[in-house]
There are 2 protein chains.
Amino acid sequence: MSSYPHSIKNNKPQRKIEVCFSPALFREFKNPEAIAVVVDILRATSAIVTAFMNGVSRLIPVETLKEAEDFKKRGYLVAAERDGLVQPFADFGNSPFNFTKERVSGRQIVYSTTNGTQAIHEAADCHRIIIGAYLNLTALANWLISQKRDIIILCSGWKNKFNLEDTLFAGALAERVLQNPDYYTICDSALASIDLYRIAKEDLLGYIEKAAQRYRLRKNNLDDVIEYCHTYDQTSLIPVFENDSLIPLKD
Amino acid sequence: MSSYPHSIKNNKPQRKIEVCFSPALFREFKNPEAIAVVVDILRATSAIVTAFMNGVSRLIPVETLKEAEDFKKRGYLVAAERDGLVQPFADFGNSPFNFTKERVSGRQIVYSTTNGTQAIHEAADCHRIIIGAYLNLTALANWLISQKRDIIILCSGWKNKFNLEDTLFAGALAERVLQNPDYYTICDSALASIDLYRIAKEDLLGYIEKAAQRYRLRKNNLDDVIEYCHTYDQTSLIPVFENDSLIPLKD
């Protein structure tokens, strides 16, 4: 059985890390002092990190397709999809492969997806909202530890249901943060995420084969992104949500 | 890595099993054809099963303390607590150890708890609602398989949050049901539950040490029930919710 040296500590002041498995549960975690890490591995937050890797200057997440379409009429580049399908009015969908340097470098993009952007808005009351993916995992863990604040990892899930791919990432991030003695957890979701990640990490893609999201992506022939979205540490960029937009973190 | 022979099947008609980690997520699972199995291992559903083992004739779950108190005034035996503490007007709380033969045999009892009774009411639209615990696990699995219906295991959680103890039980039950080739799952919560149960099952109590609920129970000196609530197969009784009451299943 696994041991969790940082689960219970002495009275030394510490910061806690928690995992929320669905935007529909986030109200139970409200903590205005915490940093929220929004996660939608397949594919919104992997795509957002990729967009900044390729030079996007600003990304405007919107919840509804109507908002996205309004921005399109005003001349913005728009990424919008529902259930994995690109919307007719949009320039492209939320595959990370769409956000190429040629297309997006130096541009502002409006972005609406099934789960990811809604999770960002759900976390609006937190001290800060940042975007997590395997692509920036180590940079993210190190930056979070440097902030010495409570952390809530908000999994976008699938239509408010728990999903495995976001949970495994939450486990990977929580495990790294808990290496630091300033952090502890007694959050059952965090403990479960870490144990699931420990089962899966030797063969992440094999494990993800099980996940329902994979069947959904396959159905739409979109599963070429799964391997990419499970690639560690391609960048040290951390997107942060400020003034209704995502921009690269400066500090 | 674990294999799930029944995760994907050919076109043979089959029944699915799903796991819902919180009453707050149950609306995403609505399926009026399904049997809902309500689970609150520490301690409501373990206590309910125990009550019927000791001869309770009928158990009336109520959501609010006011309802419970009204029943008390009308002469009913009342079990009621919040956050693990017995309410002043009640005869006793929801420890399984309270439901002794001497106290409860042949009687009707009104029952209100923090999480468990609310989960029962949440599942009201399902074909049938039954009560699960380790105490009746094998009987429950066998009966469910005999019904050839979809199954949703509804974990009561802790104040709408995910908890480990209900999840492990969901994994134990789902694993048993999926041994039968009539059942499949592509539900990520079910797959995660099974994997967590497989990690935990050799030392369930050791694993539960991690769970936040354990700290909550310890705080109130109530943790003597944890071992009992993780005891397998003490009865073949299955409580079922009918006409606003729980009674022992007859068929």
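Report on the accompanying structure. Quick caveat: nothing in here was measured; it's all calculated off a predicted structure. Residue numbers here run from 1 along each chain, matching the order of that chain's written sequence. Whichever chain is written first is A, and whichever ligand is written first is 1; the rest continue in order. Reporting in this predicted model follows two pLDDT cut-offs: at least 70 for local features of residues, and 80 or more for side-chain atom pairs to be given and counted; totals over whole chains, interfaces and linings ignore these cut-offs and use all residues. Each side-chain value is worked out from all heavy atoms of the structure, with water and hydrogens disregarded.

1. Things to note about the overall build of chain A
- Summing up its helical and strand segments, chain A has 10 helices and 11 strands in all.
- Across the 251 residues in chain A, those meeting the buried criterion constitute 63%.
- Here the contacts in chain A between residues at least 6 apart in sequence split such that 77% fall between residues at least 24 apart. Each helix is a run of H or I in the DSSP string that is no shorter than four residues. Each strand is a run of E no shorter than two, and both are numbered from the N terminus. Type-normalised accessible area, obtained with a 1.4 Å probe on protein chains alone, sets the label of each residue: buried when under 20%, exposed when over 50%, and partly exposed for intermediate values. Any two residues whose heavy atoms approach within 4.5 Å are treated as being in contact.

2. Details of the relation of the copies chain B and chain A
- By a simple turn and slide, chain B fits onto chain A: the slide is 0.0 Å along the axis, the RMSD is 0.0 Å, and the turn is 180°. One copy is carried onto the other by what is essentially a two-fold rotation axis.
- Of the residues that chain B buries at the interface, 100% are likewise interface residues in chain A, meaning the two copies contact each other through the same surface. To line up the copies, we fit them by least squares on C-alpha atoms, keeping just the residues with pLDDT of at least 70 in both.

3. Quick notes on the environment of Ala80(B)
All names here are of chain B.
- Relative to the helices and strands, Ala80 resides in strand S4 (residues 77–82).
- On the basis of relative accessible area, Ala80 is assigned to the buried category, the value being 0%.
- Measuring from C-alpha to C-alpha, the distance between Ala80 and Tyr134 comes to 22 Å, with 54 residues separating the pair along the chain.
- If we skip the residues at most four places from it in the chain, Ala80 touches Leu65, Ala68, Leu85, Val86, Gln87, Phe89, Ala90, Phe92, Gly93 and Ser112.

4. Quick notes on the side chain of Thr167(A)
Residues and elements named next belong to chain A.
- Along the chain, Thr167 turns up in helix H6 (residues 164–178).
- Contacts described as polar in this section are N or O atom pairs within 3.5 Å, which, within protein, must combine one atom able to donate a hydrogen with one able to accept it, while residues neighboring in sequence count only if both atoms come from side chains. In terms of polar contacts, Thr167 uses its side chain to reach the backbone carbonyl oxygen of Asn163, at 2.6 Å.
- Apart from the residues lying within four places of it in its own chain, the contact partners of Thr167 are Phe21, Cys155, Phe162, Ser193 and Leu196.

5. Quick look at the pairing of strand S7 (residues 128–132) of chain B
Residues and elements named next belong to chain B.
- Along S7, 5 of the 5 residues are buried, which leaves the element largely enclosed by surrounding structure.
- Going residue by residue along S7, you find Arg128, Ile130 and Gly132 tucked away on one face and Ile129 and Ile131 tucked away on the opposite face as well.
- Pairing between strands is defined by DSSP: at least two bridges between them are needed. Looking at chain direction, strand S2 (residues 35–39) and S7 are connected through 5 bridges and run parallel. Opposite Ile35, over in S7, you have Arg128 as the bridge partner.

6. Some remarks on the packing of helix H5 (residues 137–147) of chain B against helix H6 (residues 164–177) of chain B
All names here are of chain B.
- Following both chains from N to C, one finds H5 and H6 inclined at 45°, their axes separated by 9 Å at the closest point. With respect to H6, the element H5 is oriented oblique. Relative to H6, H5 is oriented so that their crossing is right-handed. In this structure, H5 contributes Leu137, Thr138, Leu140, Ala141, Leu144 and Ile145 to the contact, and H6 contributes Phe169, Ala172, Leu173, Arg176 and Val177.
- Under this grouping Gly is polar, as are all residues other than the nonpolar Ala, Val, Leu, Ile, Met, Phe, Trp, Tyr, Cys and Pro and the charged Asp, Glu, Lys and Arg. Considering only residue class, the contact of H5 with H6 consists of 9 nonpolar, 1 polar and 1 charged. To obtain each axis, a line is fitted to C-alpha atoms, and for helices this fit is confined to the stretch in contact; angles are then taken between N-to-C directions over 0 to 180 degrees. Angular relationships are summarised with four words: roughly parallel below 35 degrees, roughly antiparallel beyond 145, roughly perpendicular across 65 to 115, and oblique for the angles in between. In a left-handed crossing the near helix is turned counterclockwise from the far helix by less than a right angle, and in a right-handed crossing that turn is clockwise.

7. Description of the interface of chain B and chain A
- Listed by partner, the interface residues are 32 residues for chain B and 32 residues for chain A.
- As used here, buried area is the combined drop in accessible area, with a 1.4 Å probe, of two parts when they are placed together. Here chain B packs against chain A, burying approximately 2,900 Å² in sum over the two surfaces, 67% of which is carbon and sulfur.
- Just to be clear on terms, a salt bridge is a Lys or Arg side-chain nitrogen sitting within 4 Å of an Asp or Glu carboxyl oxygen. On the surface where chain B and chain A come into contact, there are 2 salt bridges.
- Across the pair Lys161(A) and Glu18(B) runs a salt bridge whose closest N-O atoms are separated by 3.6 Å.
- Taken together, the links from chain B to chain A amount to 6 residue pairs in polar contact (both at pLDDT 80 or more).

8. Digging into the packing of helix H7 (residues 188–200) of chain A against helix H7 (residues 188–200) of chain B
- It is the contact of H7(A) with H7(B), at a shortest axis distance of 10 Å, that shows an interaxial angle of 85°. Compared by their axis directions, H7(A) and H7(B) come out roughly perpendicular. Side by side, H7(A) and H7(B) meet where Ala192(A), Asp195(A), Leu196(A) and Ile199(A) of the first sit next to Ala192(B), Asp195(B), Leu196(B) and Ile199(B) of the second.
- Tallied by class, residues from the contact of H7(A) with H7(B) come to 6 nonpolar, no polar and 2 charged.

9. Examining unusual backbone geometry
Residues and elements named next belong to chain A.
- Across the junction of Leu42 and Arg43, the peptide omega takes the value 10°, indicating a cis bond.
- In this fold, Arg43 is placed in the loop between strand S2 (35–39) and helix H1 (44–53).
- The backbone phi angle of Asn160 is positive, close to 70°, even though this residue is not glycine.
- We classify Asn160 as partly exposed; its relative accessible area is 26%.
- For Asn243, which is not glycine, the phi torsion reads 50° and is therefore positive.

10. Remarks on the nonpolar core
- Nonpolar cores were defined as sets of buried Ala, Val, Leu, Ile, Met, Phe, Trp, Tyr and Cys residues, with membership established by side-chain atoms within 4.5 Å. If you look at the biggest cluster of nonpolar residues, it comprises 169 residues, and the most contacted ones within it are Leu144(A), Leu173(A), Leu144(B) and Leu173(B).
- Of the residues forming this core, the biggest block, 9 residues, is contributed by H6(A).
- Not counting residues within four places of it along the chain, the set of residues in contact with Leu144(B) comprises Ile35(B), Val37(B), Ile130(B), Ile151(B), Leu173(B), Val177(B) and Tyr183(B).

11. Thoughts on the packing of aromatic side chains
Residues and elements named next belong to chain B.
- For Phe, Tyr and Trp, rings pair up if their centres lie within 6.5 Å, where Trp contributes its six-membered ring, and each pair is then called stacked (planes under 30 degrees apart), edge-to-face (over 60) or tilted (otherwise). Under the definition given, this model contains 17 aromatic pairs over all chains.
- Arranged with centres 5.3 Å apart and planes meeting at 75°, the rings of Tyr134 and Tyr232 form a pair that is edge-to-face. Of this pair, Tyr134 sits in the loop between S7 and H5 while Tyr232 is found in the loop between helix H10 (225–229) and strand S10 (239–242), placing the two residues 98 residues apart along the sequence.
- The exposure class assigned to Tyr232 is partly exposed, which follows from its relative accessible area of 29%.

12. Some points on the pattern of salt bridges
- On inspection of all chains with the given rule, the structure shows 20 salt bridges over all chains.
- In this structure, Glu175(B) engages Arg198(B) in a salt bridge whose closest nitrogen and oxygen atoms are separated by 2.9 Å. Linking Glu175(B) in helix H6 with Arg198(B) in helix H7, this pair joins segments that are 23 residues apart in sequence.
- On the accessibility criterion, Glu175(B) (11% relative accessible area) is buried.
- Judged by relative accessible area, which is 31%, Arg198(B) ranks as partly exposed.
- One network of salt bridges, with partners in common, ties together Glu175(A), Arg198(A) and Lys201(A).

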